[in-house]
Amino acid sequence: SDSNMFWPSLGKPEDSELIIAEGYSAISGIKAQRNPRTQACIALRGKILNTWNLDMQKAMRSDIVKQILNAVLYSQYKRIIIAVDADDDGGHIASLLIALFVKYTNVIQEGRLYYVNTPHYIFKKGNAPIKWSDEAKDCPKGYHTTTLKGLGGMDAKQIKTFIINEETRHLQKIVFDGLKCEKALDQAFSYGGEHWIL
């Protein structure tokens, strides 16, 4: 494996989770805050290859696609977590990853793929515990609002709270609904994408 992309867990994969994160600064923080016995991580640098219309041999020519598939297909992680910025680019990257997993793996059908939902706003008040929400209007009285500008803008405590800690993070399971899912991915990454861009 390429040590610049992948940091395995020290424990058994079936007792561990794999975090796939966007951006160098984000993965640096995640790598530093993770539990190395139970959390592996892979770094993404920008958008990955659109593999939807490719056979596996062509898809594996991409180093990052090869790294992700090797990690997922040969290690049975109990959870695979997509961690990307909560913006349009992050949504596109998450969709490309979902297409990759639908095309070449069964992790969605097995209920092992998740998206970590990071908040848009953090509310602070002196030494009081922080609060957060996707809506600025949820700011409690006496707190001030900070906009969270992507994973790379998180400090160590925020990474631990929103990505690492199982008790405080918000995971959304990616659910596979057969033909409906494949039709949506085909629309996004095959014939439909061109019409959307135009």
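None of the values given here were measured: they were computed from a predicted structure.

**Looking at the confidence of the model for the protein**
- Looking at the protein, the pLDDT average stands at 89 and 94% of residues meet or exceed 70.
- Strand 4 (residues 79–83) holds the highest mean pLDDT among the elements of the protein, 97, whereas helix 7 (residues 191–197) holds the lowest, 53.

**A word on the sheet that holds strand 2 (residues 17–22)**
- Judged by pairing direction, the sheet is mixed, and its 6 strands sit side by side in the order 1-3-2-4-5-9 without closing on themselves. Whereas interior strands pair on both sides, the edge strands pair on one side only; in this sheet they are strand 1 (6–7) and strand 9 (171–173).
- Alignment of strand 2 against strand 4, held across 5 bridges, turns out to be parallel. Its bridge partner lying in strand 4, alanine 21 is registered against alanine 83.

**Examining the nonpolar core**
- Grouped together as the largest cluster of nonpolar side chains are 38 residues, with contacts concentrated most on Leu18, Ile20, Ile68, Ile80, Leu97, Phe101 and Leu113.
- Only strand 2, strand 3 (39–44), helix 3 (63–74), strand 4, helix 4 (88–104), strand 5 (113–116) and helix 6 (179–189) provide two or more residues apiece to this core.
- Per-element tally for this core: the top contributor is helix 4, with 10 residues.
- Counting 21 residues, the second-largest nonpolar core is a separate cluster that includes Ile27, Met154, Phe162 and Ile163.

How each quantity is defined
- Residues numbered from 1 in each chain as written.
- Predicted model: local features only at pLDDT ≥ 70, side-chain atom pairs only at ≥ 80, totals over all residues.
- Heavy atoms only, no water.
- pLDDT = per-residue confidence, 0-100.
- Helix = DSSP H or I, 4+ residues; strand = E, 2+ residues; numbered from the N terminus.
- Pairing = 2+ DSSP bridges.
- Core = buried A, V, L, I, M, F, W, Y, C linked by side-chain atoms within 4.5 Å.
- Buried < 20%, exposed > 50% of the residue type's maximum accessible area, 1.4 Å probe, protein only.

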